[in-house]
Amino acid sequence: MRKPFTRASLAAAFALSLPVFAEWDHVREAFLRQMADPVAENRVQSVRSLTGFDHPDGMALLLSAYAAEEDSDVRHALADAMNASTNVRARDVFRDTILKHPEERARARFCAVFADERMLDRVEMLRFLMRDPGASVRARACRNLGPRDSFLLRDVALLLKDPAVEVRMAASQGLGVLRSMESVERLIEALEAEENREVRWGLADALAKVSGVEHTEDPAVWRTWWAEHRTDGMGPVDKALARSSDWLKPVFRRGYESVLAAKQGGAGAAFVNGNSGLALQAYALWHAGVPESDPAMKEALDYLMEFRPQMTYESAIAAMAMADIGTARFRAQLVEIGQFLCDTQCANGQWSYGNWTRNIPTRGGKTTSSGGNTPARKPGGTEAQQKKTQLANRSVQRNPSGDNSNTQYGLLGLRAAATVCEVPNASWQRSLEWFSKRQTREGGWGYGAGGVDMAYESMTVSGLASIHICLNELGLVQGKPGAGLNAPVTKKALEWMEKNWEQQHAGGFGGSNYYCIYGIERAGMILGINAFGKHDWYEEGKTWLLANQLPTGAWGRGVGIAGGETYDTCFAILFLKKATKGYTVSGPATDK
C-alpha cells in the first residue's frame with residue numbers, strides 16, 4: 001500500500017545535508033591572508049588553487065572577496081570559482097547575497113559576475129537585476145549582455161522607458177550588443193520619444209549596429225528603412241516569428257471585433273471571456289515581438305485590460321500574458337483571476353473548465369506584505385518589494401474533480417497571479433497531492449479525473465510542470481538549480497519521457513500535436529532542463545517547426561486537441577520564444 005502523502009515527507013525527500021568542514025576555520029583564515037597579498041597575480045593564483053569551498057560558507061566568502069576586490073583579473077578568477085560550485089545551498093547563498101545585498105554599489109558590482117556567459121542562473125539573475133530598485137544596478141545589468149542573450153531582449157527593451165537617463169542609455173547599448181531585428185521597432189519608438197541628447201545618440205547607434213546602415217538620429221529615416229528591410233538579416237527563428245505574427249494579427253483583430261460586436265449585442269461575459277482564444281493570441285503576439293504601437297497589439301492590451309475571468313483556460317492564459325507584459329498595469333486583473341482560480345479549483349486539486357456564474361470575485365482585496373502564508377517569491381527586485389494582495393482560501397462549492405489539462409493551466413495562471421498575490425498554500429497543496437498520487441506505474445499521467453487512464457506525452461509533461469510549480473510555490477525547492485529532479489515522482493516521469501520519446505515523435509517532432517509541443521516547452525523551462533534523456537527538446541522542436549511552417553506564415557494541420565491553425569500557430573510561437581519563465585534555467589541562449 002502506498003503511504004499517505006504529506007508535506008513533511010516531501011520536504012524530507014528534498015532536504016540536502018551540509019557537509020561538516022572541521023578545518024573550515026583554518027581554510028578561511030588562510031584565504032583571507034592570501035587575499036591580502038598586494039600582488040594581484042598572487043591573489044589570482046590563490047583563487048585558482050582553492051579547494052573545499054563548495055558549500056554555503058565558502059560561497060559567502062567568495063562573494064565577500066568579490067565585492068571588495070578592485071583588480072579585474074582577480075574578480076574574474078573569483079567568478080570562475082563561484083561558477084564551479086555545484087552545491088545547491090551554495091547556489092542559494094549566491095543568488096540571495098547578490099539580490100538582497102543592502103548596498104546598491106555592491107549589487108551593481110556583482111552584475112559583472114554575469115558578463116561570463118557560462119555563469120549558472122545567468123539569464124534569470126540578469127532579469128531580476130534589471131528590475132532592481134537601484135538605477136546603477138539596472139544599468140550595469142544591461143551592460144553585461146552578450147550577443148547570445150536575445151532571450152532577454154524584452155526585458156532590456158522595457159528599460160528604454162526607464163526614468164533614469166543612465167538606464168535608458170545602457171538599455172540602448174545593450175540592444176546594440178544583441179543586434180536583433182526584433183528590437184528595431186522599439187528603438188525607433190524610443191528615438192521618437194527621447195529628449196535627452198546622449199540617449200538619442202545611443203538609440204541611433206544601436207539602430208546602426210542592428211541594421212548595418214549609417215548612423216542617423218532622424219526617426220523618419222529609420223521608419224522608411226524598416227518598412228523596406230524588416231526581415232533582412234533576421235535569423236531563421238526571427239523570420240518565422242515575423243511571418244507568423246503577420247498572419248496572426250488580422251486573425252486576432254477579426255476575433256476581437258466579433259467580441260466587441262457580441263458585447264454590444266448584449267452577449268454575456270461567458271461568451272466574451274469563455275474560450276475565445278483571444279488571450280492566447282494576445283500572449284503569442286507579445287512574445288512574437290509585436291510592438292505596443294501596432295494596432296493589433298493595442299487591441300490585445302485593451303482586451304486584457306477589460307478581461308474578467310469566466311473559464312479556466314482563457315483566464316489562466318490571460319494571467320500569463322499580463323504577468324509577462326507587466327504587473328503594474330494589470331495588477332487588479334491578476335488579483336481577480338487569482339481569486340477566481342482559487343475559488344474554482346476542484347475538491348481533489350484539479351480544475352475543470354470553470355464556472356460561468358458561480359464564485360466570481362470582485363476586483364480588489366486585502367493587501368498584505370509578502371510574509372503571508374506562502375514563502376516570498378523572487379528575492380530582490382522591485383516586484384518582490386511591492387506589497388502583495390492576500391487571496392482567500394474560501395469555503396465555496398467545489399466540483400469534485402476536473403481534468404489534468406485544465407489543471408496544468410490553472411496552476412500556470414495561479415503562478416502568474418502570484419507575482420502580485422499571496423496564493424493560499426492550500427491551493428498548491430491540493431494539486432501537489434493530486435499529481436503525486438495519480439502518477440501511473442510507468443511514470444506518466446493521463447487526462448481523466450481517475451488518474452488510471454493510459455499515460456501519454458502531453459499529460460506527462462503537464463504533470464511534470466505542475467509538480468514543480470507546486471514545489472516551488474510551497475517553498476520546497478525555492479529555486480535551487482537541480483533540486484527536485486531527483487524526487488521519485490520526477491525521475492519516473494523523466495524516465496517515461498526518455499523511454500517513449502521515439503514512439504511519441506515517430507513522425508518527427510510534430511508527431512505530437514502543437515498543444516503537446518508547447519507543453520514540452522513549459523516542462524523544459526520550469527524544470528530547468530535542456531533535454532529529455534538524449535533529446536534536446538528545443539533544438540529538435542525548433543528544427544521541426546521551422547521546416548513545417550506553412551506558406552501563409554501559420555502552423556498547424558487543422559486537427560488535434562486544440563484544433564485549428566490559430567491555436568497551433570500560437571503554440572508554435574510560444575515554443576520558439578521559450579515564453580515560459582523558468583525558476584533557475586538559463587537554457588540555450590540563442591533564438592537564431
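One structure accompanies this document, and this report is about it.

## A closer look at the nonpolar core
So, step 1. Counting residues in each nonpolar core, the largest one holds 105 residues, and the members touching the most others are L304, Y409, F532 and L545.
So, step 2. Apart from the residues lying within four places of it in its own chain, the contact partners of F532 are L464, L494, M497, W501, I520, A523, G524 and W537.
So, step 3. Counting residues in hydrophobic clusters, the runner-up holds 69 residues, among them Y66, A79, W225 and A242.

## Quick look at the state of the cysteines
So, step 1. Counted by the stated rule, this structure contains zero disulfides.
So, step 2. Left without a disulfide partner, C111 is nearest to the cysteine sulfur of C142, which lies 9.1 Å away.
So, step 3. Among the residues examined, C111 registers a relative accessible area of 0% and is labelled buried.

## Examining the packing of helix α24 (residues 457-473) against helix α25 (residues 488-504)
So, step 1. It is the contact of α24 with α25, at a shortest axis distance of 10 Å, that shows an interaxial angle of 155 degrees. In terms of orientation, α24 lies roughly antiparallel with respect to α25. Pair α24 / α25 crosses with left-handed handedness. Across the interface between the two elements, E457, T460, V461, L464, I467 and H468 of α24 pack against V489, T490, A493, L494, W496, M497, W501 and Q504 of α25.
So, step 2. For the contact of α24 with α25, the class distribution of residues is nine nonpolar, four polar and one charged.

## Quick look at the packing of helix α9 (residues 135-142) against helix α11 (residues 165-178)
So, step 1. Relative orientation of the contacting elements α9 and α11 amounts to 10 degrees, with a least axis distance of 8 Å. Compared by their axis directions, α9 and α11 come out roughly parallel. Every residue of α11 that contacts α9 at A135, S136, R138, A139 and C142 is listed here: E166, V167, A170, A171 and G174.
So, step 2. Class assignment for the residues of the contact of α9 with α11 results in six nonpolar, two polar and two charged.

## Describing the side chain of R122
So, step 1. Among the secondary structure elements, R122 is positioned in helix α8 (residues 122-129).
So, step 2. Assessed through its relative accessible area of 3%, R122 is described here as buried.

## With respect to α24
So, step 1. Relative to the 24 Å expected for 17 residues at 1.5 Å per residue, α24 spans 24 Å between its end C-alpha atoms, a close match to the ideal helical length.
So, step 2. Within α24, 17 of the 17 residues are buried, leaving the element largely enclosed by the surrounding structure.
So, step 3. Looking at the residues trailing α24, positive phi occurs at G475, about 80 degrees.

## As for the environment of A204
So, step 1. Along the chain, A204 falls in helix α13 (residues 197-211).
So, step 2. Sequence-distant contacts of A204, defined by excluding residues within four places in its chain, comprise H215, T216, E217 and W222.

## Remarks on unusual backbone geometry
So, step 1. The residue R179 is not glycine, and still its phi comes out positive at about 50 degrees.
So, step 2. By the element assignment, R179 lies in the loop between α11 and α12 (184-193).
So, step 3. In the Ramachandran plot, K578 falls in the positive-phi region, its phi being about 45 degrees despite a non-glycine side chain.
So, step 4. For K578, a relative accessible area of 7% gives the class buried.

## Points about the pattern of salt bridges
So, step 1. Taken as a whole and assessed by the stated rule, the structure comprises 22 salt bridges.
So, step 2. As a salt-bridge pair, E182 and K577 come within 3.1 Å of each other at their nearest N and O atoms. Residue E182 is located in the loop between α11 and α12, and its partner K577 is located in the segment after α28 (565-576); the two are separated by 395 residues in the primary sequence. Exposure class is identical for E182 and K577. Each is buried.
So, step 3. Each of E124, R127 and D155 takes part in salt bridges that share partners, so that together they form one network.

## A word on the packing of aromatic side chains
So, step 1. For the structure shown, the criterion picks out 19 aromatic pairs.
So, step 2. Note on Y313 and Y353: the rings are 5.8 Å apart at their centroids and 70 degrees apart in plane angle, and the pair reads as edge-to-face. Here Y313, found in helix α19 (residues 312-325), pairs with Y353, found in the loop between α20 (327-344) and β1 (367-368); they are 40 residues apart in sequence, far enough to count as distant.
So, step 3. Here Y515 and F571 contribute two aromatic rings whose centre-to-centre distance is 6.2 Å and whose plane-to-plane angle is 75 degrees, an arrangement assigned as edge-to-face. In this pair, Y515 is assigned in helix α26 (residues 514-527) and F571 in helix α28, connecting sequence segments 56 residues apart. Across the pair, exposure class does not vary: Y515 and F571 are buried alike.
So, step 4. Connected via pairs of aromatic rings, a cluster forms that spans F252, Y256, Y303 and F307.
So, step 5. The aromatic ring of Y518 is capped on one face by R522, whose charged end is 4.4 Å from the ring centroid.
So, step 6. For K578, the ring lying beneath its charged end belongs to Y538, and the centroid distance is 5.0 Å.

## Section: the side chain of N144
So, step 1. In this fold, N144 is placed in the loop between α9 and α10 (153-158).
So, step 2. By relative accessible area, which is 10% here, N144 ends up buried.
So, step 3. Engagement of the side chain of N144 in a polar contact is seen with the backbone oxygen of C111, the distance being 3.4 Å.
So, step 4. Every residue in contact with N144, bar those within four places of it in the chain, is listed here: C111, A112, F114, A115, R122 and D149.

Conventions we followed
- Every chain is numbered independently, its residues counted from 1 as its sequence is written.
- pLDDT decides what is reported in this predicted model: residues at 70 or higher carry local features, side-chain atom pairs at 80 or more are listed and counted, and totals for whole chains, interfaces and linings draw on all residues regardless.
- Side-chain metrics in this entry use all non-hydrogen atoms of the structure; hydrogen atoms and water are not considered.
- In these notes, a set of buried Ala, Val, Leu, Ile, Met, Phe, Trp, Tyr and Cys residues joined through side-chain atoms within 4.5 Å is what counts as a nonpolar core.
- In this scheme, a residue with accessible area under 20% of its type's maximum is buried, one over 50% is exposed, and one in between is partly exposed, where area comes from a 1.4 Å probe on protein chains only.
- Should any heavy atoms of two residues lie within 4.5 Å, those residues are considered in contact.
- Criterion for a disulfide: a pair of cysteine sulfur atoms within 2.5 Å.
- Inter-axis angles, ranging from 0 to 180 degrees, are taken between N-to-C directions of lines fitted to C-alpha atoms, where helices are fitted over the stretch in contact.
- The numbering of helices and of strands both runs from the N terminus, where a helix is a DSSP run of H or I of at least 4 residues and a strand a run of E of at least 2.
- An angle below 35 degrees is treated as roughly parallel, one above 145 as roughly antiparallel, one from 65 to 115 as roughly perpendicular, and anything else as oblique.
- Note: crossing handedness is left-handed where the near helix turns anticlockwise from the far helix by less than a right angle, and right-handed where it turns clockwise.
- When residues are grouped by polarity, Ala, Val, Leu, Ile, Met, Phe, Trp, Tyr, Cys and Pro land in nonpolar, Asp, Glu, Lys and Arg in charged, and all others, Gly among them, in polar.
- What a helix should span is 1.5 Å times the count of its residues minus one.
- A carboxyl oxygen of Asp or Glu within 4 Å of a side-chain nitrogen of Lys or Arg is what we treat as a salt bridge.
- Each aromatic pair joins two rings of Phe, Tyr and Trp (for Trp, the six-membered one) with centres within 6.5 Å, and gets the label stacked for planes under 30 degrees apart, edge-to-face for over 60, and tilted for any other angle.
- Consider the ring centre and the ring normal. A charge sits over the ring if Lys NZ or Arg CZ is within 6 Å of that centre and within 35 degrees of that normal.
- Two N or O atoms form a polar contact when they lie within 3.5 Å of each other; inside protein one atom must be a possible hydrogen donor and the other a possible acceptor, and for residues adjacent in sequence the pair counts only when both atoms belong to side chains.

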